[in-house]
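Architecture at a glance
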Amino acid sequence: MGNLKLVQLAENGKRTKIKVGSVMIGEGLVIVGGPCGVESEKQTLKTAEAVKTGGGMMFRGGAFKPRTSPYDFQGLGLEGLKLLARARENTGLPIVTEVIDPRDVSWVCEFADILQIGARNMQNFSLLREVGKTGKPVLLKRGMYSTLKEWLNCAEYILAEGNPNVILCERGIRTFETYTRNTLDLSMVPAVKELTHLPIFIDPSHGTGKLSLIEKMSLAAVAAGADGLLLEVHCNPSEAKSDADQQLTPDQFAALVKKITKLSRFMDEKLFKTSIITGGDQI
Amino acid sequence: MKLNEVRQNIDLIDSKILKLLNDRMEQGLLAKRFKEQIEDSAREQEVLEQVNNNPNALIESEFSESIYKLIFAFSKKLQARELCLTGFQGEHGAYSEEAVRHYNREYVTIPCTTFNEVFEGVNSGLYDFGIVPVENTLGGNVGPVNELLINTDLRIIGAIDMPVHHSLLTAPGTDYREIREVYSHSQALSQCRCFLSRNNLTPIPYYDTAGAAKMLAETKPRGAACIASKLAAELYNLEVIKERVEDLGSNRTRFLLLAKSNQECESSKCSIVFTTEHKAGALFGVLRLFAEAGINLTRIESIPNEPGDYSYFIDFDGSNKEQVVLDTLDKVEKQTTGLKILGFYDEKKVEG
């Protein structure tokens, strides 16, 4: 696996826990909900309220959108960050938001609680170094063409700058399958757990790109041992400016959280906490 | 140039026109303080002549004359109302002005360049009141104000203890990523030191927070921002990049309202300043009087007069209706050399 001296799991098996507001990541399942993009004041505040009522523990939303086409909605920028801060003021939910430009890092830190590095920026090393200098928790998404080794090396970049608060997030990779938007690689959950001490989240919304598949893949992620889920929720998905086909309605979100929480409690049983078969690759 | 750019310019000019009209009305109110009566047709004629002789190509005299007649009428209407003028140091949008609004929204605030100007204006009767900051939780005491309190004969008639929230402001259209330098009063800059260093911003001291906002709006230096109140953002048409950039959540400033003479009002606090003889236990002797009377002291400050010779400020809880307070002050007078009672007044605490 190369030189992963900071990321790899130590002999003592100690795992990273990250406190964000009143939420402890790495200790029980963390559900993050919110729209793909921050589009307007009404949409943001309304969705944040719905995420809170539905049982979400953190709010996500993009103010800077790295889009496939330069003509697509690029996000509200600073205005979006201010709206996210307002949503936190109203709901008390910590804010997860993506940063795509090293020049924005300190400013996003002023408004957000967790910095997200998107899949398209996973190997943007100057950006990784910049977020590594901040000390703010970083949610590092797996690049859509990246191997586990490349992904963990990117986490190593952040830790090497002195920021130990890294959360990995699997969001699906490119395969020859076309039915789903991406192929959600759930095997990464136990793989990351046996190799590293870092928490891992799953993003079934991008991972499948299909509303009908999100529920089952969320449950599967919890069964696999994920530390958190990133779910796209929009107060009115049909009007969303991006990812309209994969955003849950507030009702769907609330119902899903109920199911997930129940399974999560079941999985907390000691029987499921330990593996029957061990002996993975050494890093 | 596009239509929206032209419109941006128009908006900017309109906000300047309104600001200048406000400044002109203020001067009218000040002029009234020197006049026997409001009406002065000779002066009006003089102004109209100056206005009609202006070299601006598009402004015809018929137009300017009609505008100025409206200005005269409104100015005289304002002068007819017995408005209370309150001097403050700084430009409009300064925190001192916000403090006045918390005290009484009806008071008209007049900007002064220096604290000295505030004190002199109140003393000469140009202003009814003056407002000055006296201490801040992060920045400490405001030295020049304490000196002026010793050296002039103004009375404290009220105090306002107010939270101070700073905002980072820029001229509209400035990219926040290009901000390098931040202008503000040195006190405000010191209250936001961590914020500035986190974002790699260079602090540049300026004479006043709102003055920095005004300068930004007028000269639009590249890559510059200022730290001032949200009120300043509204007044000078600036964009709020971030609110509450102060490092400490509980950043408060205490302001004193000054007048030429004591006012009959409910009081719960008293401020005094005194000097003592240079002998062992002199200051202790004074403090003991308050302790024995069970009077709670809320501020003690010593200000050097000459090396080794100090004036002491003491604020305490107490009213001029309480006999024990009056008796204690009698005793204090005997124990000190030069006691000055700065005033009995009520202190207003603003939450938030």
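Residues numbered from 1 in each chain as written. Chains lettered and ligands numbered in written order. Predicted model: local features only at pLDDT ≥ 70, side-chain atom pairs only at ≥ 80, totals over all residues. Heavy atoms only, no water.

Some points on the overall build of chain B
Quick note on the threshold: A run of H or I in DSSP becomes a helix once it reaches four residues, and a run of E becomes a strand once it reaches two; helices and strands are each numbered from the N terminus. In this scheme, a residue with accessible area under 20% of its type's maximum is buried, one over 50% is exposed, and one in between is partly exposed, where area comes from a 1.4 Å probe on protein chains only. Two residues qualify as a contact provided that any one of their heavy atoms is within 4.5 Å of a heavy atom in the partner residue. Accessible surface is estimated by sampling points in the Shrake-Rupley manner with a 1.4 Å probe; for residues, cover comes only from the protein chains shown. Charged residues are defined narrowly, with Lys and Arg counted positive, Asp and Glu counted negative, and His plus the chain ends left uncounted. Where a charge lies is defined by one atom per residue type: Lys uses NZ, Arg uses CZ, Asp uses CG and Glu uses CD.
On a plain count of helices and strands, chain B comes out with 12 helices and 15 strands. Looking at chain B as a whole, 46% of its 352 residues qualify as buried. Residue pairs in contact within chain B that sit at least 24 positions apart in sequence constitute 74% of those at least 6 positions apart. Split by element, the accessible area of chain B, about 18400 Å² in all, is 50% carbon and sulfur. The average position of the 39 basic charges and that of the 52 acidic charges among the side chains of chain B differ by 4 Å.

Regarding the pattern of salt bridges
Two side chains with opposite charge may pair up if their charged atoms get near one another. All names here are of chain A. Selection rule: Here, a salt bridge means any Lys or Arg side-chain nitrogen found within 4 Å of an Asp or Glu carboxyl oxygen.
Per the counting criterion, the structure on display carries 40 salt bridges over all chains. A salt bridge links Arg142 to Asp185, with the nearest nitrogen and oxygen atoms 3.0 Å apart. Of this pair, Arg142 sits in the loop between β7 (138-141) and α5 (148-160) while Asp185 sits in the loop between β8 (166-170) and α6 (188-195), placing them 43 residues apart in sequence. Residues Arg142 and Asp185 agree in their burial class; the two are buried.

Brief notes about the interface of chain B and chain A
Threshold: By buried area we mean how much accessible surface two parts lose on assembly, using a 1.4 Å probe and totalling the loss over both. Distance and chemistry together define a polar contact, namely a pair of N or O atoms within 3.5 Å, with one atom able to donate a hydrogen and the other to accept it when in protein, and with adjacent residues in sequence counting only for side-chain atoms on both sides.
Across the contact, 11 residues belong to chain B and 10 residues belong to chain A. Across the chain B to chain A interface the summed buried area is about 1100 Å²; carbon plus sulfur atoms make up 53%. At the junction of chain B and chain A, the tally comes to 4 salt bridges. The residue Asp101 of chain A makes a salt bridge to Arg177 of chain B at a minimum N-O spacing of 3.5 Å. Across the contact surface, chain B and chain A share 7 residue pairs in polar contact (both at pLDDT 80 or more).

Details of the side chain of Asp104 of chain A
Relative to the helices and strands, Asp104 of chain A is located in the loop between β5 (95-98) and α3 (105-111). Judged by relative accessible area, which is 1%, Asp104 of chain A ranks as buried. Within the local environment of Asp104 of chain A, its side chain forms a polar contact with the side chain of Tyr176 of chain B, the two groups lying 2.7 Å apart. If sequence neighbours within four positions are ignored, Asp104 of chain A has contacts with Phe64 and Val99 of chain A together with Tyr176 and Arg177 of chain B.

Topic: the sheet that holds strand β9 (residues 200-202) of chain A
All names here are of chain A. For the record, the criterion: Pairing between strands is defined by DSSP: at least two bridges between them are needed. In this analysis, axes come from line fits to C-alpha atoms, helices being fitted only over the stretch in contact, and the angle between any two N-to-C directions falls in the range 0 to 180 degrees.
Reading around the circumference, β3-β4-β5-β6-β7-β8-β9-β10 is the order of the 8 strands in this closed barrel, with parallel pairing throughout. When strand polarity is set aside, the average angle formed by the axes of neighbouring strands in this sheet is 25°. Judged from the 4 bridges that link them, β7 and β8 form a sheet pairing that is parallel. For Leu140, the partnering residue across the bridge sits in β8 and is Leu168. Against the sheet, helix α2 (residues 78-91) touches β4 (58-60) and β5, its axis set at about 165° to β5. The strands touched by helix α9 (residues 250-267) are β3 (30-34) and β10 (228-232); relative to β3, the strand with the most contacts, the crossing angle is about 170°.

Points about the domain arrangement of chain B
Residue and element names in this part refer to chain B. Counted only if it meets this: Boundaries of every domain are those given by an automatic assignment or by a domain database.
For chain B, the domain assignment lists domain 1 (3-80), domain 2 (85-163 + 252-349) and domain 3 (167-242). Of note, the centres of domain 1 and domain 2, computed from C-alpha atoms alone, are 39 Å apart. Of the residues lining the interface, 8 residues belong to domain 1; the matching set on domain 2 comes to 10 residues. Approximately 700 Å² of surface area, both sides summed, lies buried where domain 1 meets domain 2, with 66% of it carried by carbon and sulfur atoms. Inspection of the domain 1/domain 2 interface yields 1 salt bridge. Close ionic contact of Asp128 with Arg33 constitutes a salt bridge, the shortest N to O distance being 2.8 Å. Where domain 1 meets domain 2, there are 3 residue pairs in polar contact (both at pLDDT 80 or more).

Remarks on the pairing of strand β1 (residues 85-89) of chain B
Residue and element names in this part refer to chain B. To keep things clear, this is the line we draw: Handedness of a crossover is defined as follows: with both strands directed away from the viewer, a clockwise route from the first strand across the helix to the second makes it right-handed.
With 5 of 5 residues buried, β1 lies mostly within the body of the structure. Burial along β1 is two-sided: the face carrying Leu85, Gly87 and Gln89 and the face carrying Thr86 and Phe88 are both buried. Summarising the sheet, β1 and strand β2 (residues 108-112) pair through 5 bridges and their orientation is parallel. In the strand pairing of β2, Thr86 is matched with Thr109. On the question of chirality, the crossover connecting β1 to the parallel β2 by way of helix α4 (residues 95-103) is right-handed.

Some points on the pairing of strand β14 (residues 309-317) of chain B
Residue and element names in this part refer to chain B. In this structure, strand β12 (residues 269-275) lies alongside β14, joined through 6 bridges in antiparallel fashion. Among the inter-strand pairings, Ile272 is bridged to a residue of β14, identified as Ile314. Summarising the sheet, strand β13 (residues 297-306) and β14 pair through 8 bridges and their orientation is antiparallel. For Arg299, the partnering residue across the bridge sits in β14 and is Asp315.

Examining the packing of aromatic side chains
Rules: The pairing test for Phe, Tyr and Trp rings, Trp by its six-membered ring, is centres within 6.5 Å, and the orientation test on the planes gives stacked under 30 degrees, edge-to-face over 60, and tilted for anything in between. Placement of a charge over a ring requires the Lys NZ or Arg CZ to be within 6 Å of the ring centre, with the centre-to-atom vector within 35 degrees of the ring normal.
Applying the stated criterion across every chain, the model contains 11 aromatic pairs over all chains. With a centroid separation of 6.3 Å and an interplanar angle of 65°, the aromatic rings of Tyr68 of chain B and Phe72 of chain B are classed as edge-to-face. Residue Tyr68 of chain B and its partner Phe72 of chain B are located together in helix α3 (residues 61-80), separated by 4 residues, close to a single helical turn. An aromatic cluster of three or more residues is present, and its members are Trp107 of chain A together with Tyr176 and Phe195 of chain B. Across from the ring centre of Tyr179 of chain A, 4.3 Å away, lies the NZ or CZ of Lys210 of chain A, which sits over that ring. Above the ring of Phe111 of chain A, the side-chain terminus of Lys242 of chain B is found at 5.8 Å from the ring centroid.

A few points about the state of the cysteines
Quick note on the threshold: Any cysteine sulfur atom paired with another within 2.5 Å is treated as part of a disulfide.
Inspection of every chain in the model, using the stated rule, returns 0 disulfides over all chains. Note on Cys109 of chain A: no disulfide assigned, nearest cysteine sulfur contributed by Cys194 of chain B at a separation of 15 Å. On the accessibility criterion, Cys109 of chain A (15% relative accessible area) is buried. Distance from the sulfur of Cys192 of chain B, which forms no disulfide, to the nearest cysteine sulfur (Cys194 of chain B) is 9.5 Å.

Digging into the environment of Ala293 of chain B
For Ala293 of chain B, the location among the structural elements is in helix α11 (residues 282-293). Through-space distance from the C-alpha of Ala293 of chain B to that of Val325 of chain B is 7.9 Å; in sequence the pair is 32 residues apart.

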